[in-house]
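Chain and residue survey
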Amino acid sequence: MGRFRSPSAVQAAICLVCGAIVTAADNAATLATVGPFDLSFAGRTILVALVLLVVFLLGEALTTPPDPDAPRTVQRRDGGRDGRPANLAAALRHAASAVAERYHALPPVWRLVVPALLMLLCWSPIIVMMHPGTIWYDTGDQIAQWYGIEAYGQPAGSISSHHPVLDTIVFGSLARLGDALAGDYQAGIAAYILAQCVIMALELTGVCRYVARVGRPGAGRAAGIALFAFFALFPAFPIFMMSIVKDSLHLLAFVPWLVMVAETARTRLTALRSPRFAIGFVALSILTALTTMTGLYVTVLTLCCLPLTRIGSAARRHDGPARADRLRAVSCAAVTAIIAMIVFPAAVRGPLHVVREDQNQLLVVPMQMTARYALDHPDDVTDAERAAIDRVNHVPFEDMASRYNPYLADPIIQYSLRDPTGVGDYLRAWASMGLRHPDSYIQAFAALESGWFALRRTPLNVTDRGIGLDELAQAAPRATANRIWFQIANAISPPFSRMPAYRSNPDGQARAYALWGFWQSTPVLNVLTLTALWTFIMPMFLLFRLARPRTSKGSRAPGTRTALPAVYAAPLVWSLLSLLPNAISVPLKPTASRYMLWALVVIPFTLALCACAPNTPNASHRKQEKEGNAR
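What counts and how
Residues numbered from 1 in each chain as written. Predicted model: local features only at pLDDT ≥ 70, side-chain atom pairs only at ≥ 80, totals over all residues. Heavy atoms only, no water. Helix = DSSP H or I, 4+ residues; strand = E, 2+ residues; numbered from the N terminus. Buried < 20%, exposed > 50% of the residue type's maximum accessible area, 1.4 Å probe, protein only. Contact = heavy atoms within 4.5 Å. Axes fitted to C-alpha atoms, helices over the stretch in contact; angles between N-to-C directions. Parallel < 35°, antiparallel > 145°, perpendicular 65-115°, else oblique. Nonpolar A, V, L, I, M, F, W, Y, C, P; charged D, E, K, R; others polar. Salt bridge = Lys/Arg side-chain N within 4 Å of Asp/Glu carboxyl O. Polar contact = N/O pair within 3.5 Å; in protein donor to acceptor, adjacent residues only side chain to side chain. pLDDT = per-residue confidence, 0-100. Left-handed = near helix turned anticlockwise from the far one by under 90°.

1. Structural notes on unusual backbone geometry
Backbone torsion omega between Gly35 and Pro36 reads 0 degrees, so that peptide bond is classified as cis. Locating Pro36 in the fold gives a position in the loop between α1 (9–31) and α2 (39–62). Note that the residue after His131, namely Pro132, is joined by a cis bond; omega there is 10 degrees. Positive phi, normally seen in glycine, also occurs at Ala32, with a value near 65 degrees. Following the sequence through the fold, Ala32 ends up in the loop between α1 and α2. Residue classification places Ala32 among the buried residues on the basis of a relative accessible area of 0%. The backbone of His353 sits at a positive phi, close to 55 degrees, despite the residue not being glycine. Looking at where His353 falls in the secondary structure, it is placed in the loop between α14 (319–349) and β4 (354–355).

2. Quick word on the environment of Val245
Within the fold, Val245 resides in the loop between β3 (243–244) and α10 (246–266). Expressed as a C-alpha distance, the spacing of Val245 and Arg594, which sit 349 residues apart in the sequence, is 9.2 Å. Aside from chain neighbours lying at most four places away, what touches Val245 is Trp136, Thr139, Phe171, Phe240 and Arg594.

3. What to know about the packing of α10 against helix α12 (residues 293–305)
Two numbers describe how α10 lies on α12: the axes approach to 12 Å, and their chain directions differ by 10 degrees. As far as their axial angle goes, α12 and α10 are roughly parallel. Here His250, Trp257 and Val261 of α10 lie close against α12, whose contacting residues are Gly295, Val298, Thr299, Thr302 and Leu303. Of the residues contributing to the contact of α10 with α12, the split by class is 4 nonpolar, 4 polar and no charged.

4. Brief notes about the pattern of salt bridges
For the structure on display, the rule yields 17 salt bridges. Asp325 serves as the salt-bridge partner of Arg328, at 2.7 Å between the closest nitrogen and oxygen. Within this pair, Arg328 and its partner Asp325 are both found in helix α14, separated by 3 residues, close to a single helical turn. Here Asp410 and Lys589 are joined by a salt bridge, their closest N and O atoms 3.2 Å apart. Linking Asp410 in the loop between α17 (397–403) and α18 (423–436) with Lys589 in the loop between α23 (570–578) and α24 (591–594), this pair joins segments that are 179 residues apart in sequence. Ionic contacts of the salt-bridge type, sharing partners, join the residues Arg391, Asp419, Asp425 and Arg428 into one network.

5. Some points on the side chain of Thr63
By the element assignment, Thr63 lies in the loop between α2 and α3 (84–104). Here the side chain of Thr63 touches Gly59 through a polar contact of 2.9 Å, landing on its backbone oxygen. When residues no more than four places from it in sequence are discounted, the contact partners of Thr63 are Phe541, Arg545, Cys610 and Ala611.

6. Comments concerning the confidence of the model for the protein chain
Here the protein chain shows a mean pLDDT of 88. Residues at 70 or above account for 88%. The low-confidence segment residues 73–80, where pLDDT is below 50, has 6 contacts with residues more than four positions distant or belonging to other chains. Taken together, the stretch residues 619–631 has pLDDT below 50 and engages in 6 contacts with residues farther than four places along the chain or on a different chain.

7. Focus on the packing of helix α8 (residues 219–233) against helix α25 (residues 599–612)
Following both chains from N to C, one finds α8 and α25 inclined at 160 degrees, their axes separated by 9 Å at the closest point. It follows that α8 is roughly antiparallel to α25 by the angle criterion. Crossing hand, α8 versus α25: right-handed. For the pair α8 and α25, contact is made by Ala219, Gly220, Ala223, Leu227, Phe230 and Phe231 and by Leu600, Val601, Pro604, Phe605, Ala608 and Cys612, respectively. Partitioning the contact of α8 with α25 into residue classes produces 11 nonpolar, 1 polar and no charged.

Shown next as structure tokens:
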């Protein structure tokens, strides 16, 4: 508590803004409207802001390194008349030191493998419960298409680009491999799911070791151990990795890519001078970009931020190396974008008969706004605007009000457009309607995206029809916490049901549901299951921490704002922004939760790096310069 400091004006303002956003999002997630802005709204805003301020200040104190200039207080170690607490503490320290010595004496590979085995041991109850693994609805469609079964309205023998084609290739090939080797496609899928768990345990262990290696002595090791405990004990990781879905495959490429981005930023781009590092970085960037639709944009935009990294002072004295480093970063971004956006699609389009997706996914949010407009102002639309809407969308304007679900865009727009050539006329109609009644568009957007910011949500889990505002108001008193929701039971799509039956383990899956339910209902533990904790509150804490004024010039204290390059935050920022175009945020179904599971890695990793303040080459050079001047 000696590091506890009063908040600055900017930090207090951040908490107040957070309180207002959470309150408005709670209203939107329960009533599909951000208001009313009355005394109740103001009171809840202030209450949430005060709670966040206290929690943020405590979190800042815990993650701020001590001031080396501050006087140290000597604490007694006897702890009692008989000295037993001191003896116990000494014994624990001795045991921990012995374990650390044995661990560091291991070969480098085993220093990665042994903790990964420990993590797998912690995951093993869930792995056993969920074996042979969960099949998702979309994954079943992808596998069925690989077997020549019609899906997404496409002719048999073709592959739809509604989902990433690389994922379809991987999942379909695994099923074919199971058929070839064991005479059962599920054998290939089950083996992959187990391998997926092993690979993820190794990767998460590598994240912890990276934090321990680059952090300050002592602090880095403590942050790495805390990170390892979270990855090993939080059941979200094994539950999700025991599923076969595009987001779990994406995570396998995303985690090591995230570490390589951090290392590139930490070394001020000098890591890219290693050909092996650069080649591996580009390869992982391509895989990360090709395994989800949003991953393409997150990866490419993050790579485009790397050339903006502030070069170290030593490199700035020699413009040649600095320019070369930036050129390497630009080359990584260019190669990734060209292969992921041009070369790979062109290479698979012909041989796999890939049917290109139209622009319907880009119109999810605008069409949801149009549906809310149809509900609020059904008579304030011109014939030309109505014709432009009906030309593009399968659901006509007059049916939108009855099919409008504030938290799910699927009833309004899903797989395709009626006439993609009419998108321009529709967008002009959409803009003119929004200028007349922007309130409807604001309410539609707030409701659709409220799940990323709200602590509460509607108790209605309706996905196959519209939800009226009166129905929401009646259900609002029964609002529930907005928590992460996992799919653990199998979801079989109609095309996939035409294949041999996928065998399940309902008893084990029920036990896994019960375990996750225990975490959701247990005080303290249930905080980690709140969606908004990861998609809004923790990112705002990082901003709160960044807003702390710098320490005085004469102090040697590292302060809250460290010398970490700004591009450390690029994957987090772009990933958060990628949540906004989605067709669902409130977890009416598990689809919403899988969109944000990357945050369970990115947020703790970023917090750990901030807490242990990694030394950058530039910082080390400044330290050497000061020592030389003193000599």
